[in-house]
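# Coordinates in review
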Amino acid sequence: MDTIGADIVLQILQEEGVEAIFGYPGASSLPLHDRLKDSPIRHYLTRHEQAAAHAADGYARATGKVGVCLSTSGPGATNLVTGIATAFMDSSPVVALTCQVNTSLMGRDSFQETDIVGITLPITKHSYQVNNVNNLASVLRRAFQLARSGRPGPLLVDMPRDILASRCEKADPPEETPSSAAEKVPSNLDQLGKIARALNMSERPVIIMGGGVKLSNACDLMRALIEKGGIPFTTTMMGVGSIASGNGYDLGFIGTHGNELANSTVHQSDFILAVGMRFSDRSTSLIDEFAPLATIAQIDIDPTSIGKNVKVALPYVGDIRETISALLNLVESRDRSAWLQRIQQEREAKDFCLPFKGCGKAGHLISMIQEAMPKETIAVSDVGLNQIWTLRTWKARTPRGLITSGGMGTMGFSVPAAIGAKIGMPDKSVVAICGDGGFYMNIQELATLSYYKIPVKIVVLNNRHLGMIRQIQDLFYEGRFNTIELGNHVDLVAVAKGFGVPAERISVDENPEAALAALARAEGPHLLEVVVDENDYVFPIIPPGQANTAMIHGVGD
Amino acid sequence: MDIKESVISILASNKPDVLARIAGTFSGRGFNIDSITANITRDPRITKILITTHGDQDTIIKIEKQLNRLVDIHQVTDLTSLGLPLREMMLIRMPMTGENQDKIMEIVDRYRGEVIETGAGYGVLELAGNKEDMDNAFAALEQLGIDDFARTGSITL
Ligand SMILES: Cc1ncc(C[n+]2csc(CCOP(=O)(O)OP(=O)(O)O)c2C)c(N)n1
Ligand SMILES: [Mg+2]
């Protein structure tokens, strides 16, 4: 067989260490799908391209490696868009390979032609359209390198069918790049010194960690910094799990749906060290009233994240791992017992009146799921009340052990992302926890699970409503419920069984032990539907447009 | 906050989608590009693009950071604070009859312009200068009946 463009694609994927990709074929992708047949790379046929993109993203989040998805041109490519945007918002390293119509048909509104590079311009880190087969190898290598370097993110490579089918030479091995193994030293030690001095002098410091800490594999160093300096910490939604929960300095996560203790501590602090986070509106709520007493120092590899949303007195651009390892030497421990005591008192008062962190019965159930599952289980949350319940109650033990769509809040993320996580981490158990609404959004992936016998466990918290929207209508639209009822006319257990996925239903009021044991024990995919009351909300919560201190409580809290 | 004119100079790869990425960086933040001028540099793989825009300093800095993040952009320089002279150029086609010819020539001379083409009763004028002069020259010529015109964006060094 002659070497063609498609072989080059597979050659580079192998060179990059890709073992599995998620995709869907069509006319334009056929040269590639044809050559995949004899390749050691496993191709998982999802039942929708959106799921392929989420699976690649979930794979990347669980493993730290680049996830790859593949689609044909036109509708195949546009179906990837939500998944690409989800990866972009959370800086997840994904390479999306889209196939394009023949070069000669481009620009003519040809069958299944779409300008996918144009469509995805604002939601990719960068993108390429390959118009010469001899450039294919270098473009793909560059795409992988860009996806994982600096602030990671999705790359898109659009490849016309004729380029994939063109004869060519096998790609030369990559040029040796000089190894950057030598420990890089932060460039601006002066500025770092200033940050350390401000931190050392502060009386009420707090550290806020975003997803960047995990992305830069700096969780161990952050823990060392926290323990050395004796500094309480919180995270953004994306940072949840950076440091195993149960650490005495842990305040929970900040923001609209975050922990009250975290919000209140940040509000009272006089110094904030922000690491790998961007102060998004979800974290700060009303920005003008955010942390009014604090001097802010911010460390990030991406200059655009610094000062994007708040005024930063001490900015620092650099790789987090390198920066924190230098900062670690400069930080001194200091007696801040007054500050820590104040936090401890608040913690006890809040724990006392907020069982299960304001997550009610569902929260209790989630903690029981965790107990039933093996210790290192990866949880993938969906979006809605179920997401907040999961993030607040799942005790993350490893940085990549809790996966969620933070920046985009994409319903339907959990099941396909869990597929990707399981393919990437076959030795770990993976459980997707979702609401009924989000479950419907990628329900077709049950077929992928049963076809490949992928042992992903799914828990659907079925409140028969778009619960989170219902809560907002209830609290802030005078209870005028509209367009939020999903109904209880669908038998999800029968649906799952119809897809070939064993399933069971319990109510949140029943003793779940037997059902959870079955879920944990199942050797293949397994679904547990848990019927939850539609009036079980998340409390406390911040009303839209208000400050982080304006958390309101539910009845009885 | 203080809204003022800014001039941003960009060195970018000379590739088809670069302009779209730059434009998207502005439009994604609700920013208008007032004028834009681009041409290749000594190295034909690199284009120099000059953009003028209006905004407060804070937002301009954010836009510059975003531009710097684009893979195909090699350098972004904010020229605003340097207070360098900005120049633009106009080509104007208008009827040139015996009667208004003198008036036209007077304006052209005042702004050190040139008639670069004449035809049956028409002339094409070339004028270059700062924005204010060009506005004034244009307004004066408009009185005499402009047929068609083209105006470049501002350039500076
Ligand atoms: C794709 C998508 N569409 C709409 C929304 C807006 N939204 C956020 S939460 C939510 C309700 C989710 O309902 P469900 O999945 O049943 O979860 P619950 O809140 O009931 O736990 C909606 C519609 C979204 N986040 N994503
Ligand atoms: Mg629901």
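Refer to the structure presented above.
Residues numbered from 1 in each chain as written. Chains lettered and ligands numbered in written order. Predicted model: local features only at pLDDT ≥ 70, side-chain atom pairs only at ≥ 80, totals over all residues. Heavy atoms only, no water.

## Quick notes on empty space enclosed by the protein
Residue and element names in this part refer to chain A. Within this structure, the stated rule accounts for 3 cavities of 30 Å³ or more. Considering only enclosed or pocket space, the largest cavity measures out at about 210 Å³ in volume. Lining the largest cavity are 17 residues, and of these Arg 61, Lys 214, Met 238, Arg 400 and Leu 402 lie nearest its centre. Listing elements by their share of the lining of the largest cavity, those giving two or more residues are α10 (211-215) and β14 (402-403). Among the elements that make up the lining of the largest cavity, the one with the highest residue count is α10 (3 residues). For the lining of the largest cavity, the residue count by class is 9 nonpolar, 4 polar and 4 charged. (1 Å grid on protein atoms, 1.4 Å probe; cavity = no way out; pocket = protein on both sides within 12 Å on 5 of 7 lines; lining within 4 Å. Points joined across faces, edges and corners; volume = space filled by probe spheres on them. Helix = DSSP H or I, 4+ residues; strand = E, 2+ residues; numbered from the N terminus. Nonpolar A, V, L, I, M, F, W, Y, C, P; charged D, E, K, R; others polar.)

## Some points on the site of ligand 1
Residues and elements named next belong to chain A. Within the structure, ligand 1 sits among 17 residues, and Leu 385, Gly 409, Asp 436, Gly 438 and Gly 467 are positioned closest to it. Between ligand 1 and the protein, one listed contact pairs an oxygen atom with a backbone N or O atom of Gly 437 at 2.8 Å. Within the contact set of ligand 1, an oxygen atom lies 2.7 Å away from a backbone nitrogen or oxygen of Gly 438. Starting from 590 Å² of accessible surface for ligand 1 in isolation, the protein chains cover 78%. (Near = heavy atom within 4 Å. Polar contact = N/O pair within 3.5 Å; in protein donor to acceptor, adjacent residues only side chain to side chain. Areas by Shrake-Rupley, 256 points an atom, 1.4 Å probe, with all protein chains shown as cover.)

## A short note on the interface of chain B and chain A
The interface is formed by 10 residues belonging to chain B together with 17 residues belonging to chain A. Buried area between chain B and chain A, summed over both chains or domains, comes out near 1,100 Å², and the portion from carbon and sulfur atoms is 51%. One can count 2 salt bridges joining chain B with chain A. Here Arg 69 of chain B and Asp 302 of chain A are joined by a salt bridge, their closest N and O atoms 2.6 Å apart. In this assembly, chain B and chain A are joined by 6 residue pairs in polar contact (both at pLDDT 80 or more). Sort the elements by how many residues they give to the side of chain B that touches chain A and helix α2 (residues 57-69) of chain B lands first, with 5 residues. The class makeup of the residues in the side of chain B that touches chain A is 2 nonpolar, 1 polar and 7 charged. (Contact = heavy atoms within 4.5 Å. Buried area = accessible area lost by both parts, 1.4 Å probe. Salt bridge = Lys/Arg side-chain N within 4 Å of Asp/Glu carboxyl O.)

## Let's talk about the packing of helix α16 (residues 360-372) of chain A against helix α17 (residues 385-393) of chain A
All names here are of chain A. Between α16 and α17, whose axes approach to 9 Å, the crossing angle comes to 55 degrees. Classified by the angle between their axes, α16 and α17 sit oblique to one another. By crossing handedness, the relation of α16 to α17 is classed as right-handed. Only Trp 389, Thr 390 and Thr 393 of α17 make contact with α16, whose side of the interface consists of Ala 362, Gly 363, Ile 366 and Gln 370. For the contact of α16 with α17, the residue count by class is 3 nonpolar, 4 polar and no charged. (Axes fitted to C-alpha atoms, helices over the stretch in contact; angles between N-to-C directions. Parallel < 35°, antiparallel > 145°, perpendicular 65-115°, else oblique. Left-handed = near helix turned anticlockwise from the far one by under 90°.)

## Brief notes about the sheet that holds strand β7 (residues 122-129) of chain B
All names here are of chain B. In spatial order, the strands read β6-β7-β5-β8; together these 4 strands make up an open sheet with antiparallel pairing. With one partner strand each, in any of the chains shown, β6 (114-118) and β8 (148-151) form the two edges of the open sheet. Geometrically, the sheet is characterised by an average inter-axis angle of 15 degrees between neighbouring strands, direction not taken into account. When β6 meets β7, the two strands line up antiparallel, connected through 4 bridges. Paired with Val 115 across the strands is Leu 125, a residue of β7. Across the sheet, helix α4 (residues 131-142) touches β5 (88-95), β7 and β8, and the angle it forms with β5 is around 5 degrees. (Pairing = 2+ DSSP bridges.)

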